[in-house]
Amino acid sequence: MLIVDKEKCIGCGVCEENCAFGAISVEDGCAVVHDTCTLCGACVETCEPGALHIEGAAKETGVELGEWSGIWVVAEFRHGEIAPVSFELLGIGRTLAEQRGVPLSAVLMGSGVEEAAGPLIASGADLVYVVDNPELEHFREDVYGRVLEELIRARRPEVVLAGATAIGRSFIPQVANALNAGLTADCTQLSIRSEDGMLLQTRPAFGGNIMATIVCPNSRPQMATVRPKVMAPPEPDPARPGEVILVELDDGVYRSRVEVLESVRSEQDNVNIQEVEILVAGGRGLASEKGFELIRGLAEELGGAVAASRAAVDSGWISYPHQVGQTGKTVCPKLYIACGISGAIQHTVGMQSAKTIVAINKDENAPILDIATYSLVGDLFEIVPLLTRRIRENRGK
Ligand SMILES: Cc1cc2nc3c(=O)[nH]c(=O)nc-3n(C[C@H](O)[C@H](O)[C@H](O)COP(=O)(O)OP(=O)(O)OC[C@H]3O[C@@H](n4cnc5c(N)ncnc54)[C@H](O)[C@@H]3O)c2cc1C
């Protein structure tokens, strides 16, 4: 509950200006809190007289901050190679480590992974903790979570970074929860506050309308995930020196309730929609899996790939790796053609920075048209074949 200390409130109205929800206003010279308050704390931070506080917010973590030191990157090893996002994290991790004057370490978990430590050192890691065990061959979130938790408890890094990939998203929150640590998901920027060395974790908030910078002043480690393609990978230097530490853990750590029977790589996963310059995306308006054949033809003519809204993925018309949006991928192609996609905020946060957006929709009030560079209002089953044919003809010329 947000409490106003009437003795301290001077009725300046700064809280009112800073509330995104219109949940606090100044009445008769004193702040009054309304039902729409979400306890986001924005007003508390901006209240200079200190007249506002959230009851029960100050959490006693019992953590001695000075005992935690070093920047860690969780290196993701899948299908025999390190995920590119791990190198991107080493790039930003190196900058943070230098600002803090501490080593940058990578954590590499898997079976038969020791060889993969070299590229991590070449890309900036001073130390690589390798946990190499047959029990880690397949990703199981309970086991991976426990291994990482054990390492963190034993070595106490101040910052832990991981990729906001399907794997990172599934087990990093579990580790943060077990450690009673803060976790900021999907950061787009990370830096160190010079006054006190805190990690400043910036990410879009309120559907991408504002950028929020989050700090974890009381808990350790400070944990953050970053989506692939947000940070630039460093140029690898194969001559960089670094140390590999092989970590042995008790057998109990590897005990799991999950048995992996088979790991199958989806055929459709081969195209990474984050790496292509032209995307033709389909939504519920395509009506069926067959509708995707239509836009696949357009994508092929343009030399692009097919993406989708969550509604299409949930309907089983196309696989999840094609999903764009809040719970899918963030893409930034040169051209994004949205076919039968309404433009819900959870979709547009994943594609709104595309250079050119073409929206094909039969509803002239569909929100996607508000962000489209070009809008084609009409039936996609008429427009897409016409467009495909015209492009083919022009290419022929
Ligand atoms: C926590 C959370 C996370 C989410 N994450 C994502 C995410 O990552 N990605 C995502 O996409 N969504 C996400 N969603 C879902 C999102 O809110 C929308 O429900 C979803 O994006 C809608 O998909 P759609 O636009 O394909 O379908 P709809 O909203 O049903 O829109 C279909 C559109 O097709 C048009 N249409 C229909 N027939 C035709 C035709 N013949 N010709 C032309 N136009 C036609 C309609 O006018 C309509 O605008 C999330 C939701 C939540 C709550």
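Structure: above.
Worth saying up front: this structure is predicted, and the values here are computed from it rather than measured. Within each chain, residue numbers correspond to sequence positions counted from 1 in written order. Owing to the predicted nature of the model, reporting of local features is limited to residues with pLDDT of at least 70; listing and counting of side-chain atom pairs is limited to 80 or more, with chain, interface and lining totals taken over all residues.

Draft legend 1. Highlighting the overall build of the protein chain. Counting its secondary structure elements, the protein chain contains 11 helices and 21 strands. With the principal axes as the frame, the protein chain shows a C-alpha extent of 70 × 70 × 40 Å. Burial is judged by counting the other C-beta atoms within 10 Å of a residue's own C-beta: 20 or more makes it buried, 12 or fewer makes it exposed, and any count in between marks it as partly exposed, with every C-beta position built from the backbone. In the protein chain, which comprises 397 residues, the proportion classed as buried is 38%. Here the contact rule is simple: place C-beta atoms from the backbone, and any two residues whose C-beta atoms are within 7 Å are in contact. Within the protein chain, contacts between residues at least 6 apart in sequence are counted, and of these 62% link residues at least 24 apart. Numbering goes from the N terminus for both helices and strands, where a helix is a DSSP run of H or I of at least four residues and a strand is a run of E of at least two.

Draft legend 2. Examining the sheet that holds strand β14 (residues 210-214) more closely. Two strands are said to pair when DSSP picks up at least two bridges between them. On the basis of which strands lie adjacent, the open sheet formed by three strands has the order β12-β13-β14 and antiparallel pairing. Each edge of the open sheet carries a strand with a single partner, namely β12 (189-192) and β14. Pairs of neighbouring strands in the sheet enclose a mean axial angle of 25°, with direction left out of account. Relative to β14, strand β13 (residues 199-205) runs antiparallel, the two being bridged by five bridges. When the bridges of β14 are listed, Pro 204 appears paired with Met 211. In this description, a line fitted to the C-alpha atoms serves as the axis of each element, helices being fitted only across the stretch in contact, and the angle between N-to-C directions of two axes falls anywhere from 0 to 180 degrees.

Draft legend 3. View of the site of the ligand. Being near a molecule or strand means, for a residue, that its backbone-placed C-beta atom lies within 6 Å of it. Close to the ligand lie 28 residues; Gly 283, Gly 285, Arg 310, Gly 325 and Ser 342 are nearest. Secondary-structure elements contributing two or more residues to the shell around the ligand are α8 (310-314), α9 (345-348), β20 (356-361) and α11 (380-396). The biggest single contributor to the shell around the ligand is α8, with three residues. As a working rule, the residues Ala, Val, Leu, Ile, Met, Phe, Trp, Tyr, Cys and Pro are called nonpolar, Asp, Glu, Lys and Arg charged, and the rest polar, with Gly in that last group. Classifying every residue of the shell around the ligand gives nine nonpolar, 14 polar and five charged.

Draft legend 4. A look at helix α6 (residues 166-178). Along α6, the residues that are buried comprise Gly 168, Phe 171, Ile 172, Val 175 and Ala 176. Those residues of α6 that are buried are in contact with α5 (141-155), β10 (159-163), β11 (183-187) and β15 (222-226). Trailing α6 by a residue or two, Asn 180 shows a phi angle of about 60°, which is positive.

Draft legend 5. Region of the structure containing the packing of α5 against α6. Relative to each other, α5 and α6 sit at 45°, their axes nearing to 9 Å. Between α5 and α6, the angle falls in the class oblique. Relative to α6, the crossing made by α5 is right-handed. From α5, Glu 141, Tyr 144, Gly 145, Leu 148 and Glu 149 reach across to α6, where they touch Ser 170, Phe 171, Gln 174, Val 175 and Ala 178. Here the contact of α5 with α6 is composed, by residue class, of five nonpolar, three polar and two charged. For classification purposes, angles smaller than 35 degrees are called roughly parallel, those larger than 145 roughly antiparallel, those between 65 and 115 roughly perpendicular, and all remaining angles oblique. Note on convention: the crossing is left-handed when the near helix lies turned anticlockwise from the far helix by less than a right angle, right-handed when the turn is clockwise.

Draft legend 6. Structural detail: helix α7 (residues 289-302). For α7, which comprises 14 residues, the first-to-last C-alpha distance of 21 Å matches the rise-based estimate of 20 Å (1.5 Å per residue) to within 8%. Considering only its buried residues, α7 is in contact with β17 (278-282), β18 (305-308), β19 (335-339) and α11. Just beyond α7, the residue with positive phi is Gly 303, at close to 70°. Here a helix's expected span is defined as the number of its residues, less one, multiplied by 1.5 Å.

Draft legend 7. Here's a closer look at unusual backbone geometry. Cis geometry marks the peptide bond from Arg 220 to Pro 221, where omega comes out at 0°. Looking at the element boundaries, Pro 221 is found in the loop between β14 and β15. For Asp 186, which is not glycine, the phi torsion reads 60° and is therefore positive. Within the secondary structure layout, Asp 186 lies in strand β11. For Asp 186, a count of 17 C-beta atoms within 10 Å translates into the label partly exposed. For Ala 287, which is not a glycine, the phi torsion comes out positive at approximately 75°. Among the secondary structure elements, Ala 287 is positioned in the loop between β17 and α7.

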